[in-house]
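Remarks on the overall topology
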Amino acid sequence: KTFNRVKTKNFDEMISNLCNEYNRADKPMTDYLMNYIAHIFQYPNKRTEKIIVLKGWTGTGKDTLYRTLQRLAGVNKVNNKHDKVMEQNNYVRPFVFSNSDNCVNIQHHDRRMVVIKTGFELVSNIKAGKKKDRILKFWKTYYSNLENKDWVASLYHNLMERDLSDFNPKTPPE
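Residues numbered from 1 in each chain as written. Predicted model: local features only at pLDDT ≥ 70, side-chain atom pairs only at ≥ 80, totals over all residues. Heavy atoms only, no water.

With that settled, consider the environment of N10. Along the chain, N10 falls in helix α1 (residues 9-18). Separated by 150 residues in sequence, N10 and M160 have C-alpha atoms that sit 17 Å apart. If we skip the residues at most four places from it in the chain, N10 touches F138, T141, Y142, N145 and W151. (Helix = DSSP H or I, 4+ residues; strand = E, 2+ residues; numbered from the N terminus. Contact = heavy atoms within 4.5 Å.)

Now the structure itself:
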């Protein structure tokens, strides 16, 4: 199918904000999360052995990331009721989204969890003003884009074209 390629820069901004604890830029973690998401689509049959944990304030974009991944992957039922049970390999890429600091019990030496503490630059629950207006406009545009098939297709193609030659999902940044 053909589509009109459109800019998806607001997805990049959201991912950057999600990896921006206390509004300190974390480029290595931003790159890791972007590459991890691209890896989901480029290599759906490879195990990463990682669980992405995003925790932080309400309204940072955690659920929006989930909705975006749903739109990119499509939502399909695996088995209908009364269908023959199928066995298949498990290539699930678990994500945990929480507003709580204590959402998972992680041992100090745990290698499976990649914990990302979200930034709050895109949280709209702030006093009125230019910053709030910008944030509200960002989310309105983003959710409008999620309903735009060209935007979703463009984002998918951007992720499929992302160079992952040096990316190893099993080695997140420290």
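Now that the structure has been shown, we can carry on.
This paragraph deals with the packing of aromatic side chains. Counted according to the given criterion, the structure contains 13 aromatic pairs. Each ring, one from Y32 and one from F167, has its centre 5.5 Å from the other, and the planes form 55°; the classification is tilted. Separated by 135 residues along the polypeptide, Y32 in helix α2 (residues 27-42) and F167 in the segment after α5 (149-161) bring together distant segments of the chain. Taken individually, Y32 and F167 each receive the classification buried, so the pair is uniform in this respect. Summarising the aromatic geometry, the rings of F95 and F97 are spaced 5.8 Å apart at their centres and angled 20° between planes, so their arrangement reads as stacked. On the basis of relative accessibility, which here comes to 19%, the residue F95 falls in the buried class. Relative accessible area serves as the criterion here: at 23%, F97 is assigned to the partly exposed category. Cluster of aromatic residues (ring-pair linked, three or more members): Y32, Y36, Y66, F95, F97 and F167. (Phe/Tyr/Trp six-rings, centres within 6.5 Å; stacked < 30°, edge-to-face > 60°. Buried < 20%, exposed > 50% of the residue type's maximum accessible area, 1.4 Å probe, protein only.)

Moving on to the sheet that holds strand β3 (residues 113-117). Strand order in this open sheet of three strands is β2-β1-β3, and the pairing throughout is parallel. Edge positions in the sheet fall to β2 (95-98) and β3, since each has one partner strand and no second. Pairs of neighbouring strands in the sheet enclose a mean axial angle of 15°, with direction left out of account. Here strand β1 (residues 51-55) pairs with β3 via five bridges, running parallel. Note that in β3 the partner of I52 across the bridge is V114. Docked against the sheet, α2 engages β1, β2 and β3, running at close to 125° with respect to β3. Most of the contacts of helix α3 (residues 62-73) go to β2, to which it runs at about 145°, and overall it touches β1 and β2. (Pairing = 2+ DSSP bridges. Axes fitted to C-alpha atoms, helices over the stretch in contact; angles between N-to-C directions.)

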